[in-house]
Amino acid sequence: MISLIKLIIWIAGTIVVAYFVLGFFGYEFNRNYFSYSKEQCQGKMKECTDNVFHKGIDNAECNFQCVDPKLIIKKK
């Protein structure tokens, strides 16, 4: 139990330090990306669902790559 609490504290501390280090080097965390990405992902899933209904399971081609990691951290 104690080791789990220590692990959570280490992870939170690492995230806080990484956030400040990114700011120091001129980068920022794109907070709006996830709300935009969610809408885009839902659109892709709707297209995939329609594709599966029309072509069947064997012939359906779906792209589930919704998140682009290069856009999460951007230059200021």
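Calculation notes
Residues numbered from 1 in each chain as written. Predicted model: local features only at pLDDT ≥ 70, side-chain atom pairs only at ≥ 80, totals over all residues. Heavy atoms only, no water. Salt bridge = Lys/Arg side-chain N within 4 Å of Asp/Glu carboxyl O. Helix = DSSP H or I, 4+ residues; strand = E, 2+ residues; numbered from the N terminus. Buried < 20%, exposed > 50% of the residue type's maximum accessible area, 1.4 Å probe, protein only. pLDDT = per-residue confidence, 0-100. Phe/Tyr/Trp six-rings, centres within 6.5 Å; stacked < 30°, edge-to-face > 60°. Lys NZ or Arg CZ within 6 Å of the ring centre and 35° of its normal.

**What about the pattern of salt bridges?**
Scanning the model with the defined rule gives one salt bridge in all. Note that Lys46 is salt-bridged to Asp50, the shortest N-O span being 3.6 Å. Here Lys46 and its partner Asp50 are both found in helix H2 (residues 33-55), four residues apart, which amounts to about one turn of the helix. Overall, the relative accessible area of 31% leaves Asp50 in the partly exposed class.

**Here's the deal with the confidence of the model for the protein**
Per-chain confidence: the protein averages 83 in pLDDT, with 95% of residues scoring 70 or above. Highest mean pLDDT in the protein belongs to helix H1 (residues 2-24) (94); lowest belongs to H2 (79).

**Observations regarding the packing of aromatic side chains**
The way to describe two aromatic rings as a pair is by their centre distance and the angle between their planes. Counted by the stated rule, this structure contains two aromatic pairs. A ring pair is formed by Tyr19 and Phe20, whose centres lie 5.7 Å apart and whose planes are at 75°; its orientation type is edge-to-face. Relative accessible area serves as the criterion here: at 57%, Phe20 is assigned to the exposed category. Across the ring face of Tyr27, the terminal group of Lys75 is positioned such that the distance to the ring centre comes to 4.6 Å.

**Observations regarding the environment of Gln65**
Among the structural elements, Gln65 can be located in the loop between H2 and strand S2 (73-75). Of the residues examined, Gln65 reaches a relative accessible area of 60% and is grouped as exposed. Between the C-alpha atom of Gln65 and that of Cys41, which follows or precedes it by 24 residues, the distance is 8.3 Å.

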